[in-house]
Amino acid sequence: MNKQSTLAPHESMELHEALNFKTLCLAKSKLMQGLVFDQELKDLMQKDVVQSTQAIAEIQALYAKAPFQTQVPQNRPTPILN
Amino acid sequence: MNQDYLDPINALNMPEMADTTFAMDFLLRAKEGVRNAAIALTETTSPEARTLLRNQLRQGIAMHQEITDLMMRKKWFHPYELSEQYQLDQLSANNTVMIGQMNLFPGDTSRKGMFDRTPDEHMKGDQA
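Things to note about the interface of chain B and chain A
In step 1: In this complex, chain B contributes 33 residues to the contact, which on the side of chain A involves 32 residues.
In step 2: On the surface where chain B and chain A come into contact, there are seven salt bridges.
In step 3: The partner of E40 of chain A in a salt bridge is R73 of chain B, and the shortest N-O contact between them spans 2.9 Å.
In step 4: Put simply, the parts of the chain that give the side of chain B that touches chain A at least two residues each are helix 1 (14–41) and helix 2 (47–73) of chain B.
In step 5: Take the side of chain B that touches chain A: its biggest share by element is 13 residues, from helix 1 of chain B.
In step 6: Split by residue class, the side of chain B that touches chain A holds 14 nonpolar, eight polar and 11 charged.

Below, the structure written as structure tokens:
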């Protein structure tokens with residue numbers, strides 16, 4: 001196992017997938033709390049929000065070692081609504 | 001239940017139907033998360049990446065367990081009495097198809113102009 005400073009290509013794509021998946025899980029678990037009626041379900045979604053937030057931080061840290069890593073701009077460069 | 005979203009008949013036990021649907025979505029995401037993490041783990045070589053994914057896989061399995069237990073307790077999920085599950089599946093499918101045919105959202109939703117400039121930009125106010 002070589003001690004590379006950057007990640008291998010394939011695993012970097014796995015982190016790309018994992019990060020997007022966790023981001024969407026966070027978004028949905030947060031959004032759904034505004035819709036659900038049952039308190040226990042809502043609490044479990046909040047737990048998912050907390051866990052996903054933590055997971056995202058971990059993935060982001062490692063994702064920074066992807067070979068295609070680059071500077072992250074302040075916000076999206078061009079407005080999406082033309 | 002019918003197509004008229006103003007008809008109070010549609011409110012009858014709507015909360016249970018809604019929560020069943022939200023919980024099912026939550027369950028499917030948890031299942032997806034476990035499966036994705038397992039497959040991702042088999043494509044990673046760096047020790048750091050493997051540790052991270054192994055932890056997330058374990059956490060995902062635990063969350064999946066919690067959601068499943070909650071859904072069974074609430075009778076939103078019947079893995080043992082399949083005729084119960086059959087009824088739920090068909091019922092929520094019918095209801096969701098009906099919701100799908102309702103005209104719920106206004107035609108133009110671009111909300112143009114509300115998000116792509118500062119409020120007083122057209123009066124050069126933003127350079128005041």
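Thoughts on helix 2 (residues 39–63) of chain A
In step 1: When the terminal C-alpha atoms of helix 2 of chain A are compared, their 35 Å separation across 25 residues agrees well with the 36 Å that a helix rising 1.5 Å per residue should span.
In step 2: Lining the buried residues of helix 2 of chain A we find helix 1 (9–32) of chain A together with helix 1 and helix 2 of chain B.

Considering the nonpolar core
In step 1: Membership of the largest hydrophobic core comes to 17 residues, with the highest contact counts inside it found for L41 and M45 of chain A together with F22, F26, I67 and M71 of chain B.
In step 2: Mapped by element, the contributors of at least two residues to this core are helix 2 of chain A together with helix 1 and helix 2 of chain B.
In step 3: Per element, the largest residue contribution to this core is six residues, and it comes from helix 1 of chain B.
In step 4: Apart from the residues lying within four places of it in its own chain, the contact partners of I67 of chain B are L44 of chain A together with A23, F26, L27 and A30 of chain B.
In step 5: Residues A18, L19 and I59 of chain A together with A37 of chain B belong to the second largest nonpolar core, which totals 15 residues.

Definitions and limits used
Residues numbered from 1 in each chain as written. Chains lettered and ligands numbered in written order. Predicted model: local features only at pLDDT ≥ 70, side-chain atom pairs only at ≥ 80, totals over all residues. Heavy atoms only, no water. Contact = heavy atoms within 4.5 Å. Salt bridge = Lys/Arg side-chain N within 4 Å of Asp/Glu carboxyl O. Helix = DSSP H or I, 4+ residues; strand = E, 2+ residues; numbered from the N terminus. Nonpolar A, V, L, I, M, F, W, Y, C, P; charged D, E, K, R; others polar. Expected span 1.5 Å × (residues − 1). Core = buried A, V, L, I, M, F, W, Y, C linked by side-chain atoms within 4.5 Å. Buried < 20%, exposed > 50% of the residue type's maximum accessible area, 1.4 Å probe, protein only.

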